[in-house]
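An overview of the molecular structure
If you want the building blocks of each chain, they are given just below.
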2 protein chains.
Amino acid sequence: MNQRIIKLLGILEEYKLDGMLVSLPANITYLTKYRSRDSYLLISKRGNIYFTDSRYNEEAKLHLKGIASIVKINGSLFKLIAKYCLDLGLKRLGFEERYLPYAEHQKINSHLRKKVALIPTHSLIEKIRQLKDNQEIEKIKQALQITAAAFEFIKKVISPGVREIEIDAEIERFIRYNGADNPAFDIIVASGPNSAYPHHITSQRKLENNELVLIDMGVDYLGYKSDLTRVFFLGKINSLAQEIYTLTKKAQEKALKSIYPGAKASEVDRVAREFLAKKGYAKFFGHNLGHGVGLEIHEEPRLSPKSEDILTSGMVVTVEPGIYLTGKFGVRIEDMVLITNKGCEVLSGSLDK
Amino acid sequence: MNQRIIKLLGILEEYKLDGMLVSLPANITYLTKYRSRDSYLLISKRGNIYFTDSRYNEEAKLHLKGIASIVKINGSLFKLIAKYCLDLGLKRLGFEERYLPYAEHQKINSHLRKKVALIPTHSLIEKIRQLKDNQEIEKIKQALQITAAAFEFIKKVISPGVREIEIDAEIERFIRYNGADNPAFDIIVASGPNSAYPHHITSQRKLENNELVLIDMGVDYLGYKSDLTRVFFLGKINSLAQEIYTLTKKAQEKALKSIYPGAKASEVDRVAREFLAKKGYAKFFGHNLGHGVGLEIHEEPRLSPKSEDILTSGMVVTVEPGIYLTGKFGVRIEDMVLITNKGCEVLSGSLDK
C-alpha cells in the first residue's frame, strides 16, 4: 500500500468506515498512480481490490502490483463487488455519493443483503487531492509548459481567413509532438462574436480582420492537466474591446494579489467581481473566478461567491475573470497559480498577456 | 415540440409518468437536436424546461426556441428542478437511474417533499435512439467517410521510427481539416506488443520494423460518431500474426453474414466466438463482438453473449472480433454496419482490410 491509501484509511477510520468503494476514475488514479478507466476500487484495511474487465486486465496487472488485487469482471459487477465486501467482513462501506449512479447504488445494496451498510461520502479523496505534492506540481508545470509553447506556436497560425477548427487542428497536433497525451478538455477557439459564449464549441467560422479570438486550452501530461486562456487581436481593435481587455486583466491582477495561504476562496472571487462591478461589468461576468486543477480539469477548491474553501499552500487553481457581451465579443484571461507558504506563484507567469 | 419529444411523451404515458428528468447529455441532444453539456431537461406534457448556467445560457436560447423554456441556474439546481416539478403539478416523475448520481437523486427527492414520486427508468430514450432516421444515418456515413479518409492518409505516415503519439497527432489534425469536430474517443495507436491491450493508451513508443500497428479511431461529426479499427503491417510479418489476422477477418465475415433484421444480437456474437473457439482462440477474445453507435460511441444494442437485444432495421452497430496474445501482439478488425430490411449494409465497406 502507498501513502495515499494509508492516508485515506486514516480518514475512513474517522468516519467509522471499514471500507470504501471508489468509482471516480480520477480518485482511483490518484490512489493507485495508475490511469484507471471503467473500473472500481475497493479500499479496506483488509486489502484493496481493483475490479476491471478483459480490456484492461492485463495492463492493470502490470501497474497495480503491491497496491491491489485485480479481479476480472465476468458477469454482474455489482454482485461481485458485494461478494468481496461480504467476504472481507465489512460492516460500513463508504461510497462516493456524487458519482455512484442511483441504479448502481441500488444493485450493490441489494446484493449486500443488509449485512453491510452503504454510507454516502462526499469529497473524502477530493479533499486530499487538493494539496499537490512535488511530483504532482512538476507534472502540472510540465503540462503548463507545453500549453505555453502551444500558445507561442499558434500565434503564427492565427490570421484572417483561417477557420477556428483549423487552429484547433494545429494545436491538437502540436501538443502531441511536444509531450502531451491529449488536450485536457475540448479546446475552445472562439472568434469574433463567438467569444461572447464562455464555452463556445469550436466551429467552422473563419477569423476576420479587426476582431479578437479567444483560445482556452490545456493539455493532459501523464494524467495532470493545465488550463489557460488568452485573447488575440487581429488588425485594429475598437476602444470598447481594448477597455474590456484592460479591465479583465486588472480584475485578474487584483485577484492574484489577494491570494495567500489562509485566504477565503470566496474573498478572492469577490475582489475580482467587485472591481468589475464598480466598472459596471459585473453582470457580464457570469461564471466563477476559478477552480482547482490536477487529475481533473475542474476540481476542488472552487473560487466562487459561495465557496467555503480556504486556500492552502499546495493548492493549484485557475484565476479567470471574463466579460461577455452577447452579440459583440467576450474576453477571458486565465492563468494557473500555486498557493505557496508566502502567497502564490503564477505557474503560467512567463506567458504574455 | 418535435417528433422525438412527442414519441417520448407517448412512452411516458405507457409508464404512467407525467414527466421525465433527462440528465444524460446524449439523450438531451437527441430530444432537442442541440448539443447539450452540463444541463438538465425536464420533459412533460405541460411544457419542457432546459436548466443551464451562464456558460451556455445565451447559446441555448438560440437553439432551443420552440422546444423548451430555458431556466438559468442560479443557486441550487436541484431545488430549482423540484420547484418546477411542483409548479407543473407533476405526480410521477421519471429519471434515468443509470445516470443520475445517488446524491442528486437524494437532493431532488427531498425538495419534492413527497408531493412528486421519483420513478427510476431504464433506457426509455436509449431504446428510441437505437433506430436511426435518415438524417442520423447520413451524419454517421459522413463521420465514417472522414474516418476512412484518415486511414488512407495515415498509411503514408506509418513507418518504423515514428511514435504512436505522432500518428495520433497527425490523425487529430487531419480529421479537423476534413470536417470532423473531434475524435469520437481517445484514438488508439497500439504498436507491436502494445496491440495486445485492447484499450491501450497511445504512447511514446516508436514503431519498429517487422511488427504490426493497430489503429482504432472514430470521429464526431455534428454529434454523431464513427468507430473503425484496422491493423497495418510493417515489413515482414511472421506466420502466427498472419494466421491470427486471417482468422479475425474470417470471424468478422461470418458474423456479418449472420446479421439480418430479427436476428438475436447474442447469436451474431456467438457465430464469431464459436468460430474462434473452434480454432482454439476463444479465450483470447475477451470483449463483446460489438455495440451500437450514434450520439454515443457505445450505445444500445449490445452484441454480446448475454445480450437480449434483437437486431432491427435502422440500427447501426460495430462488428469487431479480436484476438489478443499478451506479450506478443493483438489483432482487431472493426467495421460499422446498418441493419436494413434485407440484411445489413457495411457502412465502412469501401475501406481495405
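Residues numbered from 1 in each chain as written. Chains lettered and ligands numbered in written order. Predicted model: local features only at pLDDT ≥ 70, side-chain atom pairs only at ≥ 80, totals over all residues. Heavy atoms only, no water.

Let's shift gears to the overall build of chain A. The helix and strand tally for chain A stands at ten helices and 19 strands. Computed over its C-alpha atoms, the radius of gyration of chain A comes to 23 Å, within 12% of the 20 Å expected for a compact globule of 353 residues. Its C-alpha atoms give chain A principal-axis dimensions of roughly 70 × 40 × 35 Å. Counting across all 353 residues of chain A, residues that qualify as buried make up 61%. When the accessible surface of chain A is split by element, carbon and sulfur atoms take 50% of a total near 14,500 Å². Between the centroid of the 52 positive side chains of chain A and the centroid of its 43 negative side chains there is a distance of 3 Å. (Helix = DSSP H or I, 4+ residues; strand = E, 2+ residues; numbered from the N terminus. Rg over C-alpha atoms; globule rule 2.2 N^0.38 Å. Buried < 20%, exposed > 50% of the residue type's maximum accessible area, 1.4 Å probe, protein only. Areas by Shrake-Rupley, 256 points an atom, 1.4 Å probe, with all protein chains shown as cover. Lys, Arg positive; Asp, Glu negative; His and termini not counted. Charge placed at Lys NZ, Arg CZ, Asp CG, Glu CD.)

Another aspect to go through is helix α10 (residues 265-278) of chain B. Residue and element names in this part refer to chain B. Over its 14 residues, α10 runs 20 Å from end to end, which matches the ideal 20 Å to within 8%, given 1.5 Å per residue. If you check which residues of α10 are buried, you get A265, S266, V268, D269, V271, A272, R273, F275 and L276. With its phi angle positive at about 90°, G280 sits one or two positions after the end of α10. (Expected span 1.5 Å × (residues − 1).)

Residues and elements named next belong to chain A. What the domain assignment lists for chain A is domain 1 (3-129) and domain 2 (134-346). Distance between the C-alpha centres of domain 1 and domain 2: 34 Å. Contact residues are listed per partner, giving twelve residues for domain 1 and eleven residues for domain 2. Here domain 1 packs against domain 2, burying approximately 860 Å² in sum over the two surfaces, 36% of which is carbon and sulfur. If you look at where domain 1 meets domain 2, you find six salt bridges. As a salt-bridge pair, R4 and E136 come within 3.9 Å of each other at their nearest N and O atoms. (Domains from an automatic or database assignment. Contact = heavy atoms within 4.5 Å. Buried area = accessible area lost by both parts, 1.4 Å probe. Salt bridge = Lys/Arg side-chain N within 4 Å of Asp/Glu carboxyl O.)

Two side chains carrying opposite charge are able to pair once their charged atoms lie near each other. Evaluation of the coordinates by the stated rule reveals 66 salt bridges over all chains. Put simply, A:R37 and A:E59 hold a salt bridge, and the shortest N to O gap is 3.8 Å. Of the two residues, A:R37 is situated in the loop between α2 (25-32) and β2 (40-44) and A:E59 in helix α3 (residues 57-63); the sequence distance between them amounts to 22 residues. With a relative accessible area of 7%, A:E59 lands in the buried category. The partner of B:E300 in a salt bridge is B:R98, and the shortest N-O contact between them spans 3.2 Å.

Moving on, we come to unusual backbone geometry. Residue and element names in this part refer to chain A. Between E300 and P301 the backbone carries a cis peptide bond, its omega angle lying at 0°. With respect to the helices, strands and loops of the structure, P301 is situated in strand β14 (residues 299-303). At K33, a residue that is not glycine, the phi angle is positive and equals roughly 55°. Residue position: K33 is located in the loop between α2 and β2.

Residues and elements named next belong to chain A. Tallied over the full model, the rule gives 16 aromatic pairs over all chains. Aromatic pair Y281 and F284: ring centres 6.0 Å apart, planes at 55°, arrangement tilted. Residue Y281 is classed as buried on the basis of its relative accessible area, which comes to 12%. The ring of Y30 is capped by R4, whose NZ or CZ atom sits 4.2 Å from the centre of that ring. (Phe/Tyr/Trp six-rings, centres within 6.5 Å; stacked < 30°, edge-to-face > 60°. Lys NZ or Arg CZ within 6 Å of the ring centre and 35° of its normal.)

Contacts between the two partners involve 43 residues from chain B and, on the opposite side, 43 residues from chain A. Between chain B and chain A the total buried area reaches about 3,900 Å² when both faces are included, carbon and sulfur atoms providing 56% of it. For the interface between chain B and chain A, the tally reads six salt bridges. The interface formed by chain B and chain A contains 20 residue pairs in polar contact (both at pLDDT 80 or more). (Polar contact = N/O pair within 3.5 Å; in protein donor to acceptor, adjacent residues only side chain to side chain.)

This next bit is on the relation of the copies chain B and chain A. The operation relating chain B to chain A is a screw motion whose rotation component is 180°, with 0.0 Å of axial translation and a residual RMSD of 0.0 Å. Such a turn and shift between the copies fits a two-fold axis. Both copies share a contact surface, since 100% of the interface residues of chain B are interface residues in chain A too. (Least-squares fit on C-alpha atoms with pLDDT ≥ 70 in both.)

Taken across its five residues, β14(A) has four buried, putting it largely inside the fold. Between strand β13 (residues 290-292) of chain A and the antiparallel strand that follows it, β14(A), lie six residues. (Pairing = 2+ DSSP bridges.)

Before going further, it helps to spend a moment on the packing of helix α9 (residues 239-257) of chain A against helix α10 (residues 265-278) of chain A. All names here are of chain A. Where α9 contacts α10, the axes come no closer than 8 Å and their chain directions differ by 150°. By the criterion of interaxial angle, the relationship of α9 to α10 is roughly antiparallel. Along this stretch, α9 crosses α10, giving a crossing that reads as right-handed. Along the contact surface, α9 presents L247, K250, A251, K254 and A255, while α10 presents V268, V271, A272, F275 and L276. Here the residues of the contact of α9 with α10 are counted per class, giving eight nonpolar, no polar and two charged. (Axes fitted to C-alpha atoms, helices over the stretch in contact; angles between N-to-C directions. Parallel < 35°, antiparallel > 145°, perpendicular 65-115°, else oblique. Left-handed = near helix turned anticlockwise from the far one by under 90°. Nonpolar A, V, L, I, M, F, W, Y, C, P; charged D, E, K, R; others polar.)

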